[in-house]
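Structural features, examined
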Amino acid sequence: MAQKSFRQALNEALHFEMARDPRVIMMGEDLTGGAGANGVKDAWGGAFGVTKGLLGAFGPERIRDTPISEAAFIGAAAGAALTGLRPIAEIMFVDFAGVCLDQIMNQAAKFRYMFGGRAKTPLVIRATYGAGSRSGSQHTQALHSIFTHIPGLKVVIPSTPYDAKGLLLQAIRDDDPVIFLEHKMLYDTVGEVPDGAYTIPFAEARVARDGKDVLIIAIGRMVSVAEEAARKLAADGISACIIDPRTTSPLDEDTLLDFTDKIGRVVIVDEANPRCSVATDISALLADKSFDALKAPIKLVTAPHSPVPYAPNLEDAYIPTAAAVAKAATSIAKR
Amino acid sequence: MSALQLSHDELLKVYRTMRMIRRFEERVMEEMGTGDIPGNTHLYAGQEASAVGVCLQLEEGDYISSTHRGHGHSIAKGVDIDSMMAELFGRASGTCGGKGGSMHIADLRKGMLGANGIVAAGAPITCGAALSMKVLGSRQVAVAFAGDGAMNEGVMSESFNLAKIWNLPIVFVIEDNGFGEATANAAVSAGSFTRRAESYDIPTLEVDGTDVFAVYSAAGEAVERARGGGGPTMLHVHVPRYYGHYSGDPDTYRTPEEKKAMRQERDCLVSFRRRMKEVSLLEEAELDAVDQEVEAAIDQAVAAARAAPFPPLSALTSDVYVKYL
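What comes next is a walk through the structure. (Residues numbered from 1 in each chain as written. Chains lettered and ligands numbered in written order. Predicted model: local features only at pLDDT ≥ 70, side-chain atom pairs only at ≥ 80, totals over all residues. Heavy atoms only, no water.)

Remarks on the sheet that holds strand S13 (residues 266–270) of chain A
Residue and element names in this part refer to chain A. In plain terms, the rule: Pairing between two strands is assigned when DSSP locates at least 2 bridges connecting them. Strands are runs of DSSP state E lasting at least 2 residues, helices are runs of H or I lasting at least 4, and numbering of each runs from the N terminus. Note on method: axes are straight lines fitted to C-alpha atoms, helices fitted across the in-contact stretch only, with angles between N-to-C directions ranging 0 to 180 degrees.
Taken together, the five strands give an open sheet; going across it, the order is S9-S11-S10-S13-S14, and neighbouring strands pair in mixed fashion. Two strands in the sheet have a free side with no partner beyond their single neighbour: strand S9 (206–209) and strand S14 (299–302). Taken pair by pair, the neighbouring strands of this sheet meet at an average axis angle of 25°, ignoring direction. Looking at chain direction, S9 and strand S11 (residues 240–244) are connected through three bridges and run antiparallel.

So this is what it looks like as structure tokens:
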């Protein structure tokens, strides 16, 4: 199977689905880059190059560079989804969702419910998230917990190039609004990705690594951190199982509970701030439904409850590390 | 646009729809008093000529979006009043199965994209509907109704910008009743609304919203421009608001004298009747018959709503997603 980057996997999914379904359109800031200027029209392909080449293939009617105006174009994408198109809107950094949260949280998420089931909103909002790029507090947050909290939204947070492609195709074909979160430090990671189209259903967690002593539930980019931790743990004779939920809404509760029942020792790893988060939510779920199977307290490894700092040493300390995950796992492995 | 250019049936329809909105609102206010309509409502009474004048220019497949004050726009766009009344009573037979209520009333089958509990939020959504029409190659247009309060939300200006750069088939109808909730527009709005839109090179028209013919004429120009590929237009429509901001608002920030004068001097139904008499187009008796017909229809809607069951408890978690998780 071909080795492709996370970025390339997403680009393939977008190309495939736009070719397959003329109702799919895209909009966002610098989605192509160069609109209205004299140089190359498709200069950027999005701030991270994910949408490169789509303009040439599908033209400016379907690939729209927007003004820097999130409230208007996310609202327009929601309205377009309500009236017959299947828009994909890109928020360059998920932090900017603050500018248009009304359109996400009060409008798109609620159309179906408020209108008595007579509306569908096949909208995908793609956004980058995550720390590690020395970009400071307003370009680096992990906000999946906020979206997961809102009924009506689905939240996808892939960790591998293979999953990125399959989950994005699924997201575009879904009739509900989907928040699709791409960690900016994952774009250049490489993995096996088939050339053809395939979809990955939502609420189907992936067993990233099998093991029997400790269960590590890791989200998004934290899956690779967990994998590094698992290698350290293996050297110490501790066998770690890693589960990647892939979607935090809907959440594959069954798989998380099954593995908790089987292993009894759990570490949850999440880059998001810890209070009222997906990590605490999963922890509560396991404590509620698998309490009798637990052989040790559930351990959470997350960022601290602070904004993302700028100084390199502080940002590195902010992001959960493999060492911290290994330490947490070790602390419960022998109990 | 002279009154003479509308057919006899169209004139009767104009009157019937305005009268229906007025009586619907007055009846809702009465029923609020019984406690059988939950929560609160924001009434449109006084502004009827605006919704009716605009929607008379629209086709079945055209879209509108509305404001907190969504009943009038819904009726003007052809939404069934039985289901609307049932929705206000929170019943399963309501337009939204009882899950939307007054502030979220919507009927996509009639092109009504919803009242909105968030001021100005309908503007970008309606840009999206207009974008759909453009991309799908249809000739339909979209109309975003908004109030004067919405003009001070940033998303309104963003929507003007988006509509202009994308040349969207959209009409922004700003219904200026002089008040954003309890605060006078004059106290919180700088400059003129039409100049704001004109600064985006969007053509504008300023209209007396108590004159249904003036609104009809302005809307005709705007809708024709949108349908013909000429892009957005903004109508600044001046209307009175008969009740307070919401049904529980004692409306003490306006004097009894100005409220009385407003009703005496700026009533679209009274002026319509006077006009019809002047030009001898509709008989008093015909109009009286419409009044009775409307009365009966509203009695029937209220009785049906009251008799209808509430939604089943299973509806609590249905339609959150296509399939509940």
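As for the state of the cysteines
Operational definition: Cysteine sulfur atoms that come within 2.5 Å of each other are treated as a disulfide pair. Buried, partly exposed and exposed residues are distinguished by accessible area as a fraction of the type maximum, computed with a 1.4 Å probe on protein chains only: under 20%, between the cut-offs, and over 50%, respectively.
Tallied over the entire structure, the rule returns zero disulfides over all chains. Between Cys-127 of chain B, a cysteine without a disulfide, and Cys-100 of chain A, which holds the nearest cysteine sulfur, the sulfur-to-sulfur distance is 15 Å. On the basis of relative accessible area, Cys-127 of chain B is assigned to the buried category, the value being 0%. Just so you know, Cys-268 of chain B is unpaired, no disulfide at all, and the nearest cysteine sulfur is the one on Cys-55 of chain B, 14 Å from it. The class for Cys-268 of chain B is buried, based on a relative accessible area of 1%.

What to know about the pattern of salt bridges
Threshold: In what follows, salt bridge is the name for a side-chain nitrogen of Lys or Arg lying within 4 Å of a carboxyl oxygen of Asp or Glu.
In the structure shown here, the tally under the stated rule is 43 salt bridges over all chains. Linking Glu-12 of chain A and Lys-4 of chain A is a salt bridge whose minimum nitrogen-to-oxygen distance equals 2.9 Å. What makes Lys-4 of chain A buried here is its relative accessible area of 5%. In this structure, the salt-bridge partner of Glu-31 of chain B is Arg-27 of chain B, at a minimum N-O distance of 2.9 Å. Of this pair, Glu-31 of chain B and Arg-27 of chain B both sit in helix H1 (residues 8–34), four residues apart, roughly one helical turn. Look at Glu-31 of chain B and you get buried, because its relative accessible area is 6%. Residue Arg-27 of chain B is classed as buried on the basis of its relative accessible area of 15%. If you follow the salt bridges from partner to partner, you end up with Arg-19, Arg-273, Glu-284, Asp-288 and Asp-291 of chain B in one network.

Observations regarding the nonpolar core
We apply this condition: We define the nonpolar core as a collection of buried residues of types Ala, Val, Leu, Ile, Met, Phe, Trp, Tyr and Cys that are connected through side-chain atoms lying within 4.5 Å of one another. Here a residue-residue contact requires only that any non-hydrogen atoms of the pair lie within 4.5 Å.
Core analysis: the biggest nonpolar cluster contains 94 residues, and Ile-104 of chain A together with Met-156 and Phe-172 of chain B have the highest contact counts within it. If you tally residues by element for this core, the top one is helix H3 (residues 70–82) of chain A, at ten residues. Apart from residues no more than four positions distant in its own chain, Phe-172 of chain B is found in contact with Ala-123, Cys-127, Ala-144, Met-156, Ser-159, Phe-160, Ala-163, Pro-232, Thr-233, Met-234 and Leu-235 of chain B. Within the second largest apolar cluster, 67 residues are counted, among which are Leu-6, Ile-105, Ala-226 and Cys-268 of chain B.

Everything listed here is a matter of coordinates, which is why it stays silent on function.
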